[in-house]
Amino acid sequence: MDTLAHTVTGGEAALPAIARPQLDLELRGIRKRYGDFIAVDGVSLKVAKGQFVCLLGPSGCGKTTSLRCIAGLEEPDDGDILIGGKEVTKDPPWERDIAMMFQDFALFPHMTVAKNVAFGLEMLKKPKAAIAERVQQVLKSFEIAALADRKPGSLSGGQRQRVALARAMITEPRILLLDEPIGALDYSLRETVMLELKLLQQRTGISFIWVTHDQNEAFSLGDLVVVMNHAKIEQQGAPEEILQRPATAFVASFVQGNNVFHGKVVQSADGVLKVDTPSGSFLVPGSGQIDSTVSFSVRAENITDMVGDRHLNRLTARCTAVEYFGSVRRHIFERPDGEILKYDQFGAQAARIAAGQVTELGWRPEDAVLHTGGAG
Ligand code: ATP
């Protein structure tokens, strides 16, 4: 349809009569200040229908504040928020077609499980009989019917999590906002709960906006991963895109397994740059001005100690430690510039390098990724 529309009208600006897929959420330049401090700075985001979006970033980068703006618990100083195509920037939370689930679950301690779950429908003043019927259905589908008369204080972490989820989902919101929703669970439970939540999200078609600082959660769950740093979005895209093509030095260093280099462009020809760094000169695909400052990254699994003709980028470094991560053996080297260089070798291969050894390492130019979103 898009192709036809563009052919007929010649551009997106001239398309008002043609139906376009409705977005569940759109943020347009959201900015939130606390006094002089800017907690969210010009955040723009489009969430398609039924998407699983993970807001990922270090502590204090503005994830929760962004979520609270979407929820209506904070009012942004600038920018617009649209839910289901309707502007809701100044609407209260209960008029936004959203539900929220917090890390501590925020269950009402004095109410039974059934009362907690019924709460959203009672606030909407639905008829009593309809509420009772729906609560029974939801308790059953979340497998917590046997807990209906218990109080939250007597439940395990996993059970409280289910109750909180049932309470959030009972109104069938367009969007579910989740702030570190599995952060309070034991590690042993997390994987199972993650899978359950992903399946629930797919089954219901409700968009999930999931805040986390855990990249494993974000990359395994998200259709769209939004990486934030210092109140701004650094990069947004599919997990593979962020893993394979980090746009900034921050994203590359935040994502596990990258080696980041900073340097100056000294040559540029045929789509390849020669970059001088304190660890040596390296070839990187891309374009840039001579003398400009750039950064690039190379994934740890793309480095080799079996250096051959294709490995035009080389450096000599001392191995300081060898670590085992399941099927991967990670070698930590000290680079000439004093930074750490990570080199991963699959565990099935025989160990070739021991701590203390000085070795030549190399990688192919095409394995380096130039950061196009700023040298950082
Ligand atoms: P975390 O992962 O630690 O929860 P976050 O990315 O969710 O971090 P936010 O909670 O959004 O970060 O906070 C962003 C920044 O805004 C932080 O520096 C925080 O201290 C500040 N901040 C948040 N709420 C307020 C407030 N009510 N008043 C003043 N500063 C605030």
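Residues numbered from 1 in each chain as written. Predicted model: local features only at pLDDT ≥ 70, side-chain atom pairs only at ≥ 80, totals over all residues. Heavy atoms only, no water.

K.L.:
When you look at the sheet that holds strand β9 (residues 224-229) in this model, what are you seeing that I'm missing?
P.N.:
Strand pairing in a sheet takes place through backbone hydrogen bonds and is either antiparallel or parallel in direction. Strand order in the open sheet formed by six strands is β6-β7-β8-β3-β9-β10, with mixed pairing between adjacent strands. Only two strands of the sheet have a single partner each, and these edge strands are β6 (98-101) and β10 (232-237). Between one strand and the next, the sheet's axes are offset by a mean angle of 15°, whatever the strand orientation. Here five bridges tie strand β3 (residues 52-56) to strand β8 (residues 207-212), and the two strands are oriented parallel to one another. Looking at the pairing, F52 lines up with F208 of β8. Together, β3, β6, β7 (175-179), β8 and β9 form the strand contacts of helix α2 (residues 63-71), whose direction differs from that of β7 by roughly 150°. (Pairing = 2+ DSSP bridges. Helix = DSSP H or I, 4+ residues; strand = E, 2+ residues; numbered from the N terminus. Axes fitted to C-alpha atoms, helices over the stretch in contact; angles between N-to-C directions. Contact = heavy atoms within 4.5 Å.)

K.L.:
Any chance you could explain the domain arrangement of the protein here in plain terms?
P.N.:
A common way to report how large an interface is uses the accessible area buried once the components associate. When the domains of the protein are assigned, the result is domain 1 (4-242) and domain 2 (245-370). For domain 1 and domain 2, the distance between their C-alpha centroids amounts to 38 Å. Between domain 1 and domain 2, the residue contacts involve 15 residues of the former and nine residues of the latter. Taking both sides of the interface into account, the surface hidden between domain 1 and domain 2 amounts to around 940 Å²; carbon and sulfur atoms contribute 59%. On the domain 1 side of the contact with domain 2, Q215, E234 and Q235 bury the most area, a combined 46% of that side's loss. Applying the counting rule to domain 1 against domain 2 returns zero salt bridges. (Domains from an automatic or database assignment. Buried area = accessible area lost by both parts, 1.4 Å probe. Salt bridge = Lys/Arg side-chain N within 4 Å of Asp/Glu carboxyl O.)

K.L.:
Would you take a moment to explain the environment of Q159 for this structure?
P.N.:
For Q159, the position within the fold is in helix α5 (residues 157-169). C-alpha of Q159 to C-alpha of A146: the two residues are 13 residues apart in sequence and 11 Å apart in space. Residue contacts for Q159: discarding those within four places in its chain leaves L147 and R150. Among the polar contacts made by the side chain of Q159, one reaches the main-chain amide nitrogen of S156 at a distance of 2.9 Å. (Polar contact = N/O pair within 3.5 Å; in protein donor to acceptor, adjacent residues only side chain to side chain.)

K.L.:
Any chance you could explain the pairing of strand β12 (residues 272-277) here in plain terms?
P.N.:
Within a regular beta strand, the side chains point alternately toward one face of the sheet and then the other, so they alternate between its two faces. Here β12 shows a clear split, with L273, V275 and T277 buried on one side and none of V272, K274 and D276 buried on the other. Inspection of the sheet shows strand β11 (residues 258-269) paired to β12 by five bridges, in the antiparallel sense. By the bridge assignment, A269 is partnered in β12 with V272. Hairpin connection from β11 to β12: two residues lie between these consecutive antiparallel strands, with D270 at a positive phi of about 50°. With six bridges connecting them, β12 and strand β13 (residues 280-285) associate as antiparallel partners. Residue pairing for β13: K274 is matched across the bridge by L283. Two successive antiparallel strands, β12 and β13, enclose a turn made up of two residues. (Buried < 20%, exposed > 50% of the residue type's maximum accessible area, 1.4 Å probe, protein only.)

K.L.:
Help me understand the sheet that holds strand β18 (residues 358-363), please; the structure alone is not making it clear to me.
P.N.:
With respect to topology, four strands assemble into an open sheet ordered β17-β16-β15-β18, the strand pairing being antiparallel. Edge positions in the open sheet fall to β17 (340-346) and β18, since each of these has one partner strand only. Taken pair by pair, the neighbouring strands of this sheet meet at an average axis angle of 50°, ignoring direction. Pairing geometry for strand β15 (residues 313-325) and strand β16 (residues 328-334), over seven bridges, is antiparallel. Across the sheet, residue V322 finds its bridge partner in β16, namely H331.

K.L.:
Explanation requested: the layout of surface pockets in the structure shown.
P.N.:
If you roll a probe as big as a water molecule over the atoms, it shows you where there is empty space left. By volume, the largest pocket is sized at about 760 Å³. The class makeup of the residues in the lining of the largest pocket is 15 nonpolar, two polar and two charged. (1 Å grid on protein atoms, 1.4 Å probe; cavity = no way out; pocket = protein on both sides within 12 Å on 5 of 7 lines; lining within 4 Å. Points joined across faces, edges and corners; volume = space filled by probe spheres on them. Nonpolar A, V, L, I, M, F, W, Y, C, P; charged D, E, K, R; others polar.)

K.L.:
Just to check I follow, could you spell out the pattern of salt bridges for this structure?
P.N.:
Between side chains of opposite charge, a pair can form as their charged atoms come close. Scanning all chains against the criterion turns up 22 salt bridges. Between D24 and K49 there is a salt bridge; the shortest N-O distance is 3.2 Å. Taken as a pair, D24 in strand β1 (residues 23-34) and K49 in the loop between β2 (37-48) and β3 lie far apart in primary sequence, 25 residues in all. With relative accessibility at 0%, the residue D24 sits in the buried group. Accessibility expressed as a relative area gives 53% for K49, which makes it exposed. Salt-bridge contacts for D41 lead to K232; the nearest nitrogen and oxygen are separated by 3.5 Å. Here D41, found in strand β2, pairs with K232, found in strand β10; they are 191 residues apart in sequence, far enough to count as distant. Residue classification places D41 among the buried residues on the basis of a relative accessible area of 19%.

K.L.:
How do you make sense of the confidence of the model for the protein when you look at a structure like this?
P.N.:
Parts of the prediction with low pLDDT should not have their coordinates interpreted in detail. Predicted confidence across the protein gives a mean pLDDT of 90, with 94% of residues reaching 70 or more. Below a pLDDT of 50 lies the segment residues 1-13, which in the model reaches 10 contacts outside its immediate sequence neighbourhood of four places, other chains included. (pLDDT = per-residue confidence, 0-100.)

K.L.:
Looking at this structure, how should I read the packing of α5 against helix α6 (residues 187-204)?
P.N.:
Each pair of packed helices can be summarised by the angle the axes make with each other and by the distance between the axes. Two elements in contact, α5 and α6, have axes separated by 12 Å at closest approach and are oriented at 15°. One element, α5, and the other, α6, form an angle in the roughly parallel class. As α5 packs across α6, the resulting crossing turns out to be right-handed. Here α5 contributes G158, Q161, R162, L165 and M169 to the contact with α6, which in turn contributes L189, V193, E196, L197, L200 and T204. Taken together, the residues that form the contact of α5 with α6 break down as six nonpolar, three polar and two charged. (Parallel < 35°, antiparallel > 145°, perpendicular 65-115°, else oblique. Left-handed = near helix turned anticlockwise from the far one by under 90°.)

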